[in-house]
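Residue-level structure breakdown
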Amino acid sequence: MIKTILFICSANKQRSKTAEDYFSSKYVDFNFISAGTNIKMCEREGTNPLTINLLEQSDLIFVMENSHKKDVKNFINGEFKKDIIVLNIPDLYKYYQQELIEILEDKITSYLK
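Everything numeric here is computed off the predicted structure, so don't read it as measured data.

1. Some thoughts on the sheet that holds strand β1 (residues 4-9)
One open sheet accounts for 4 strands, arranged β2-β1-β3-β4; its pairing is parallel. Either end of the sheet is taken by a strand with one partner, and the two such strands are β2 (31-36) and β4 (84-86). Neighbouring strand axes in the sheet, compared pairwise and without regard to direction, differ in orientation by 25 degrees on average. By the bridge criterion, 3 bridges tie strand β3 (residues 60-63) to β4 in an arrangement that is parallel. Residue pairing in the sheet places F62 in a bridge with I85 of β4. Along the sheet face, helix α4 (residues 66-75) touches β1, β3 and β4 and points at about 160 degrees away from the line of β4.

2. Considerations on the side chain of H68
Within the fold, H68 resides in helix α4. Take H68: its relative accessible area is 1%, and that puts it in the buried class. Excluding residues within four positions of it along the chain, H68 makes contact with I8, C9, S10, R15, T37 and V63.

3. Focus: unusual backbone geometry
What is expected of a backbone is that most residues other than glycine have negative phi and most peptide bonds are trans. If you check the backbone angles, N12 has positive phi at about 55 degrees while not being a glycine. When you line up the elements, N12 lands in the loop between β1 and α1 (15-26). The backbone of Y96 sits at a positive phi, close to 60 degrees, despite the residue not being glycine. Residue position: Y96 is located in the loop between β4 and α5 (98-108).

4. Some words on α1
Across its 12 residues, α1 extends 17 Å between first and last C-alpha, which sits within 8% of the 16 Å expected from 1.5 Å per residue. Regarding α1, the residues found buried are R15, S16, T18, A19, E20, Y22 and F23. Buried positions along α1 lie against β1, β2, α4 and α5.

5. A short note on the packing of aromatic side chains
Geometrically, a pair of aromatic rings is defined through the distance of the ring centres and the angle of the planes. Taken as a whole and assessed by the stated rule, the structure comprises 11 aromatic pairs. Aromatic side chains Y27 and F30 sit 6.4 Å apart centroid to centroid with 75 degrees between the ring planes, which places their arrangement in the edge-to-face category. When its relative accessible area of 19% is taken as the criterion, Y27 is described as buried. An aromatic cluster is present here, built from F7, Y22, F23, Y27, F30, F32, F62, Y95, Y96 and Y111 joined pairwise through their rings.

Parameters at a glance
Residues numbered from 1 in each chain as written. Predicted model: local features only at pLDDT ≥ 70, side-chain atom pairs only at ≥ 80, totals over all residues. Heavy atoms only, no water. Pairing = 2+ DSSP bridges. Helix = DSSP H or I, 4+ residues; strand = E, 2+ residues; numbered from the N terminus. Axes fitted to C-alpha atoms, helices over the stretch in contact; angles between N-to-C directions. Contact = heavy atoms within 4.5 Å. Buried < 20%, exposed > 50% of the residue type's maximum accessible area, 1.4 Å probe, protein only. Expected span 1.5 Å × (residues − 1). Phe/Tyr/Trp six-rings, centres within 6.5 Å; stacked < 30°, edge-to-face > 60°.

Functional significance is not addressed by these values, which are geometric in nature.
Structure follows, in structure tokens:
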């Protein structure tokens, strides 16, 4: 059974952080976490950078764009057995923006049943 869900974007500031916070408040039976692929930007912004540990503890992994999927594969040298689901959500939204939440709901909810 899926328990830990990881959301990944570039800086872990807008999209993936919104997903983590929104779904954490709505689905208490799951553990939602998030991270950014741009380590330097995450350090500068004080957000969560992607780590091997986060990837290993996750049962389900969502990335916002194809570039993030490539970043994850590069990060772990391509040797990764878990599926990575691309949501195709461009970096156009602010943290907790209503349109972003609606898109996330539409794309994620079926995985949480």
